[in-house]
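# A look at the structure
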Amino acid sequence: MTAAPRVPDFFIVGAPKSGTTAMYEYLRSHPDLFLPARKELRFFGRDLDIRDRETLSTDRYLAFFATAPPEARVGTAYVWYLFSSSAAREIGEFSPEARIIVMVRDPVDMLPALHGEHLANGNEDIADFAEALGAEADRRAGRRIPPHAHLPQGLWYSQVPRYAEQIERYIEVFGRHRVHVIVFDDFVADPAAAYRDTLRFLDVSTDHAPAAFEVVNPSRRVRSEWLRHFLARPPNLPRLLIRHVVPAGIRRAAYERAKRANVVFSPRAPMSPATRRRLRATFAPEVARLSALLDRDLRELWDRDDSAS
């Protein structure tokens, strides 16, 4: 008898630039958990306008979990599931007993980090953060979309950190007891404690710890805009020749190596005090709503760095 395909038991659903990559790698090291080497497996979120790769079929998606040990809990992640208005419902239909991990970060700090990530991966082409914020209305109307954008909705900066509404969708589908929210500040201050809390949520042993709690996915920028454009949209003739001659696995590995070689890790330019104050005011109602949802005063936690601005 053929064994039933493994379906994920838990999902890290976001938010972007909030520690999800680090948590994913820490959880991958646990002997009672199975998470595939590839983190960003998009399968749910039919409302997301993803342009850089085709949606996985059910068979291809489940194949990523086929080698999971029978006794292991199986997990996966995609950081835009939290933003998606349909992913919570879709995941609930696919894996009704799943557990959901959410990581949230102060919007005033998360958004410039997201802007930098977009610049590095080609989703953004406006280098100035404040100018990119000002372009949102045009982008929501389909204008000023970068030529190599793979997720135009990711440029709706004011909508990405609407955490309370997003988390409420998951609570409605899965129940409060199966939604675990990690505040980025806690994760940075004591990653070992945040990791243990997550293991308890997943109901696995807390005796294990990664070899080291290291920074994963730091700020970065591209070395060459030309190379980034070439990798995103190579000329037709060489692209067709390579596709015909080089196996898919080798193509993908070479592409990822070239992308990594074109990236340099460096701190972001500081945000202007005026922009910081404007963002703080914009998201004050959202932070208050999230504070009520989590029964924790995040306003005091997240506003404390603004006194010098």
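So, here is what we can say about the structure in this document.

Each value, and the rule that gives it
- Residues numbered from 1 in each chain as written.
- Predicted model: local features only at pLDDT ≥ 70, side-chain atom pairs only at ≥ 80, totals over all residues.
- Heavy atoms only, no water.
- Axes fitted to C-alpha atoms, helices over the stretch in contact; angles between N-to-C directions.
- Helix = DSSP H or I, 4+ residues; strand = E, 2+ residues; numbered from the N terminus.
- Left-handed = near helix turned anticlockwise from the far one by under 90°.
- Contact = heavy atoms within 4.5 Å.
- Nonpolar A, V, L, I, M, F, W, Y, C, P; charged D, E, K, R; others polar.
- Buried < 20%, exposed > 50% of the residue type's maximum accessible area, 1.4 Å probe, protein only.
- Polar contact = N/O pair within 3.5 Å; in protein donor to acceptor, adjacent residues only side chain to side chain.
- Pairing = 2+ DSSP bridges.
- Right-handed = clockwise from strand over helix to strand, strands pointing away.
- Salt bridge = Lys/Arg side-chain N within 4 Å of Asp/Glu carboxyl O.
- Core = buried A, V, L, I, M, F, W, Y, C linked by side-chain atoms within 4.5 Å.
- Phe/Tyr/Trp six-rings, centres within 6.5 Å; stacked < 30°, edge-to-face > 60°.
- Lys NZ or Arg CZ within 6 Å of the ring centre and 35° of its normal.

### Here we look at the packing of helix H1 (residues 20–28) against helix H9 (residues 191–202)
Running from amino to carboxyl end, H1 crosses H9 at an angle of 65 degrees, the nearest separation of the two axes being 11 Å. In this structure, H1 crosses over H9, and the sense of that crossing is right-handed. The residues of H9 that touch H1, namely those facing Met-23, Tyr-26 and Leu-27, are Pro-191, Ala-194, Tyr-195, Thr-198, Leu-199 and Leu-202. Residues that form the contact of H1 with H9 fall into these classes: eight nonpolar, one polar and no charged.

### Some points on H1
The element H1 is largely enclosed, with a buried count of seven among its nine residues. Three or more residues of H1 are buried, namely Thr-20, Thr-21, Ala-22, Met-23, Tyr-24, Tyr-26 and Leu-27.

### Here's the deal with the side chain of Arg-280
Mapped onto the elements, Arg-280 comes out in helix H13 (residues 273–294). Looking at Arg-280, its side chain comes within polar contact range of the main-chain oxygen of Trp-302, at 2.7 Å.

### Quick word on the pairing of strand E3 (residues 73–77)
A regular strand carries its side chains on alternate faces of the sheet. E3 sits mainly inside the fold: four of its five residues count as buried. Direction of pairing for strand E2 (residues 33–34) relative to E3: parallel, over a ladder of two bridges. Within E3, the position partnered with Leu-33 by the bridge is Arg-73. In this fold, the crossover linking E2 to E3 by way of helix H2 (residues 58–63) has right-handed handedness.

### Digging into the environment of Glu-97
Tracing the backbone through its elements, the reader meets Glu-97 in the loop between helix H3 (87–94) and strand E4 (99–104). Under the relative-accessibility criterion, Glu-97 is labelled exposed at 62%. Separated by 81 residues in sequence, Glu-97 and Arg-178 place their C-alpha atoms 8.4 Å apart.

### A word on the pattern of salt bridges
Under the definition given, this model contains 19 salt bridges. Of the charged contacts in the structure, one is a salt bridge between Arg-139 and Asp-125, with a shortest N-O distance of 3.3 Å. Note that Arg-139 is positioned in helix H6 (residues 136–140) and Asp-125 in the loop between helix H4 (107–121) and helix H5 (129–134), a separation of 14 residues in sequence. Using a relative accessible area of 43% as the deciding quantity, one classes Asp-125 as partly exposed.

### Points about the sheet that holds E4
Read across the open sheet, the five strands follow the order E2-E3-E1-E4-E5; overall the sheet is parallel. Strands with a single pairing partner mark the edges of an open sheet, and in this sheet they are E2 and strand E5 (179–183). Pairing analysis gives five bridges linking E4 to E5, with the strands arranged parallel. Within E5, the residue paired with Ile-101 across the bridge is His-180. Contacting strand E1 (10–12), E2, E3, E4 and E5, H1 runs over the sheet at an angle of about 145 degrees to E1.

### Points about the nonpolar core
Among the nonpolar cores identified, the biggest contains 59 residues, and Ile-167 and Tyr-170 are the most heavily contacted of them. Examining the composition of this core, we find that six residues originate from one element, helix H7 (residues 163–174), more than from any other. Membership of the second largest hydrophobic core comes to 20 residues, among which are Leu-33, Phe-187, Tyr-195 and Leu-202.

### A word on the packing of aromatic side chains
How two aromatic rings sit relative to each other is given by the distance of their centres and the angle of their planes. Following the criterion strictly, the structure yields 14 aromatic pairs and no others. For the ring pair Phe-43 and Tyr-61, a centre distance of 4.3 Å and an interplane angle of 5 degrees mean the geometry is stacked. Separated by 18 residues along the polypeptide, Phe-43 in the loop between E2 and H2 and Tyr-61 in helix H2 bring together distant segments of the chain. No difference in accessibility class separates Phe-43 from Tyr-61, as the two residues are buried. An aromatic cluster is built from Phe-11, Phe-43, Phe-44, Tyr-61, Phe-65, Tyr-78, Tyr-81 and Phe-94, whose rings are joined through pairwise contacts. Directly above the aromatic system of Phe-184 lies the positively charged group of Arg-105, at a separation of 4.4 Å from the ring centroid. The ring of Trp-156 carries Arg-140 above its face, with NZ or CZ at 4.7 Å from the centroid.

### Quick look at unusual backbone geometry
Between Gly-14 and the following residue, Ala-15, the backbone shows a cis peptide bond with an omega angle of 5 degrees. Checked against the element boundaries, Ala-15 lands in the loop between E1 and H1. Backbone geometry at Lys-17 places phi at a positive 55 degrees, although glycine is not the residue there. The residue Lys-17 is located in the loop between E1 and H1 in this model. Lys-17 sits in the buried class, given a relative accessible area of 14%.

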